[in-house]
Amino acid sequence: MRRDHRPYYLKRMSLRFREWYVEHFLRPQFTALGNGYTFMKPWYMEIFGWPIELGDFADVICTVDRRVRLTVWSEEKHPKGIHIGDHCLICPGVRISCAKEVTIGNDCMMASDVYITDSDWHSVYDRVEPLSTARPIRIGNNVWIGDGAIICKGVTIGDNSIVGTRAVVNKDVPPNTIAAGNPAVVVSRLDPGKTIRTRADWFADPDELFRQIRQIDRDMLRGNTILGWLRARFFPKPGD
């Protein structure tokens, strides 16, 4: 389909069902889940273990072939678990596996298929040992992690930094830098004279933002009918 053929009221019903699903099935699995979230296809999100926290105004995008998985599996009685700050973007296929502690700051963006793990999960010589030494991961504010990147145990990534596509990060990344490669190394530094806009700026006035999004939906779906939507679903034509 090139466009959404649903009538506006039908889309609003689907959005309400999506919110109901999050509140009924996902929120109870979080230690804390903030407000103002957007979950796309939340039935393709998997949460296991405790504690797992997700802040305000999160955007989580799941697809049938790229599930989002947040997992805490620990030998510790009270692990610090996974903490994700406000205004974060989590794209399809992101996996975060925690045996000790994974902390992600505000305004971070995790592109498709990012993998973050604070443990090797097996010893080098004892492959039966369930959990090898785990070391906390700390990701600062406004960090952008590219498609398919891997963040390994013990790593700290500084504020505003960018991790390139398919990078394997096994050492700390300083603030305000760009790291890429396998293993990842700093390849560039951000210009300190340039202003960085963050996702917090995007959500500065959330009520107005959501009002604008609803208006865009109304404009794009204006004139759609239930019969036209059913026809496009079951008897699509070129151009639909």
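For the structure itself, consult the block above.
Quick notes on the rules
- Residues numbered from 1 in each chain as written.
- Predicted model: local features only at pLDDT ≥ 70, side-chain atom pairs only at ≥ 80, totals over all residues.
- Heavy atoms only, no water.
- Phe/Tyr/Trp six-rings, centres within 6.5 Å; stacked < 30°, edge-to-face > 60°.
- Lys NZ or Arg CZ within 6 Å of the ring centre and 35° of its normal.
- 1 Å grid on protein atoms, 1.4 Å probe; cavity = no way out; pocket = protein on both sides within 12 Å on 5 of 7 lines; lining within 4 Å.
- Points joined across faces, edges and corners; volume = space filled by probe spheres on them.
- Helix = DSSP H or I, 4+ residues; strand = E, 2+ residues; numbered from the N terminus.
- Nonpolar A, V, L, I, M, F, W, Y, C, P; charged D, E, K, R; others polar.
- Salt bridge = Lys/Arg side-chain N within 4 Å of Asp/Glu carboxyl O.
- Buried < 20%, exposed > 50% of the residue type's maximum accessible area, 1.4 Å probe, protein only.

Focus on the packing of aromatic side chains
Right, so step 1: This model, assessed by the stated rule, comprises ten aromatic pairs.
Right, so step 2: Feature note: the residues F17, W20, Y21, F25 and W43 constitute an aromatic cluster, connected by ring pairs.
Right, so step 3: Note that R95 overlies the ring of Y115, its terminal NZ or CZ placed 4.1 Å from the centroid.

With respect to the layout of surface pockets
Right, so step 1: Approximately 1,100 Å³ is the volume found for the largest pocket.
Right, so step 2: Along its surface, the largest pocket is lined by 29 residues, and L15, R18, T38, F39 and M40 are the ones closest to its centre.
Right, so step 3: Listed by contribution, the elements that provide at least two residues to the lining of the largest pocket are α1 (8-26), β2 (38-40), β5 (59-61) and α3 (206-221).
Right, so step 4: In terms of residue count, α1 provides more of the lining of the largest pocket than any other element does, nine residues in total.
Right, so step 5: Residues belonging to the lining of the largest pocket are distributed by class as follows: 14 nonpolar, four polar and eleven charged.

Observations concerning the pattern of salt bridges
Right, so step 1: Evaluated as defined, the whole model comprises 14 salt bridges.
Right, so step 2: Notably, a salt bridge pairs R27 with E23, separated by 2.7 Å at the nearest N-O pair.
Right, so step 3: Residue classification places E23 among the partly exposed positions, given a relative accessible area of 33%.
Right, so step 4: Here R211 makes a salt bridge to E208, at a shortest N to O gap of 2.8 Å. With a gap of three residues between them, R211 and E208 both fall in helix α3, about one helical turn apart.
Right, so step 5: Connected via shared salt-bridge partners are E46, R67 and R69.

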